[in-house]
Every structure is written in structure tokens, then in C-alpha cells.
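Structure assessment
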Amino acid sequence: MRIFILGLRRSGTTICWETFRQDRCLRCFNEPWNPVLRELPVEIPNASRRGVIEIFREDPEAFWRHFAPIGRIEELQADFCERQARYLRYLIDRFEATCIDETRCHFRLAALREVVPDATVVHLYRAPAAFATSHLLPTASGGFRASRIARARGRIGFFTR
């Protein structure tokens, strides 16, 4: 079983991935093409790098030989380069069941089908207005637990961007 969760940023891919991550039978990877993974083996607070770190620790040399990040401008391309396709196979061929959450593959549905023809794709869609607004709102404001002052500063920041 191969599951891909695709969507634009802030469209709900991570929360969907977190649900699949509860299943111990799935090997789950969160954004394995993210260029920030060059920091490995550094973990972040939500432990979303765990799957990639485990593969990295098995054989760091092999991981770096296969690692092929997708930069922001490359996200608009419809195909994988050969190295990116090899990296995908490197991640999934070693496990019976995998789940990958990736925002950098939003436009690569056909390319994914070529590399992994038996994959199940969960393609999340968010209304354009909600998507754009979510990028204008500050993410470090503390959410609903923030103080009244922090929330007010966040609203002011929204209208001045």
C-alpha cells in the first residue's frame, strides 16, 4: 500500500498525515523532498522527521546519495527529475506500506502515477480565498491560547501585509 497526501501548504495535509501516522503498519514520511532536511538528523518538536531520520541513521551515506530535494521554484514543474524519482523509490521500495505527506508534489499527480502506479492519492483542496488568507495570518501568534495583545497584534499584521 502506497498513500500520498498532496495539497498546497496549509490545506490540511499534515493533519491528514498525522491520522495515518497512528497506524503502526505504515512507514510515514512528512515532506521528504523538503530542502530543510539537509539539517538531518535534527528532529523538530512535532517529531515529523522521524521516518526520514530512521532511514538516515540506517545508512547516512546511502541517504545522502539518494536525497533529492525539491526547491520552491521546482514545485511548479509537472515531472520529477530522474534523481527525485530515484529518491522516491529509495524511500518506498524498502517497505510494504508507506504514507507520504508532501506539498511540493501538488502539481505532480501524473509523475507520481508513473513512478508509483499502484499508489492511492489523497489530494486535498482548499478554497483559494481561504488558502490565500491563511498565508496572510501569522502562524507564530500562539493561536487561540495567545493573549489578547498577541491576537490584536496578529490582526494588525494581517491588515498591514
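A brief look at the structure comes next. Model, not experiment: these values are computed from the prediction. (Residues numbered from 1 in each chain as written. Predicted model: local features only at pLDDT ≥ 70, side-chain atom pairs only at ≥ 80, totals over all residues. Heavy atoms only, no water.)

Thoughts on the nonpolar core
One finds Phe4, Trp33, Phe63, Phe80, Tyr87 and Leu88 to be the most contacted residues of the largest nonpolar core, which totals 30 residues. Of all elements in the fold, only strand E1 (2-6), helix H2 (50-58), helix H3 (60-66), helix H4 (82-92) and helix H5 (109-115) reach the threshold of two or more residues within this core. Among the elements that make up this core, the one with the highest residue count is H4 (6 residues). Excluding residues that lie within four positions of it along the chain, Phe80 makes contacts with Trp33, Ile70, Ala85, Leu88, Cys105, Arg108, Ala111, Leu112 and Val115. Counting 8 residues, the second largest nonpolar core, distinct from the first, contains Ile3, Ile5, Cys16 and Cys99. (Core = buried A, V, L, I, M, F, W, Y, C linked by side-chain atoms within 4.5 Å. Buried < 20%, exposed > 50% of the residue type's maximum accessible area, 1.4 Å probe, protein only. Helix = DSSP H or I, 4+ residues; strand = E, 2+ residues; numbered from the N terminus. Contact = heavy atoms within 4.5 Å.)

Concerning the packing of aromatic side chains
Tallied over the entire structure, the rule returns 10 aromatic pairs. Consider the rings of Trp33 and Tyr87, whose centres lie 6.1 Å apart with planes at 80 degrees: the pair is edge-to-face. Here the residue Trp33 occupies a position in the loop between strand E2 (27-30) and H2, and Tyr87 occupies one in helix H4, the gap between them amounting to 54 residues. Taking the relative accessible area as the measure of exposure, Tyr87 reaches 0% and is therefore buried. Between Arg94 and the ring centre of Tyr90, over which it is positioned, the NZ or CZ distance is 4.8 Å. (Phe/Tyr/Trp six-rings, centres within 6.5 Å; stacked < 30°, edge-to-face > 60°. Lys NZ or Arg CZ within 6 Å of the ring centre and 35° of its normal.)

Here we look at the sheet that holds E1
Taken in spatial order, the 4 strands line up as E2-E3-E1-E4 in an open sheet, and their pairing is parallel. Where the open sheet ends on each side, the last strands, each with one partner, are E2 and strand E4 (120-123). Direction aside, the axes of adjacent strands within the sheet are offset by 15 degrees on average. With 4 bridges connecting them, E1 and E4 associate as parallel partners. Bridge assignment links Phe4 to a residue of E4, and that residue is Val121. With respect to the sheet, H4 is in contact with E1, E2 and strand E3 (98-102), its orientation differing from that of E3 by roughly 140 degrees. (Pairing = 2+ DSSP bridges. Axes fitted to C-alpha atoms, helices over the stretch in contact; angles between N-to-C directions.)

On their own, these measurements won't tell you what the molecule is for.
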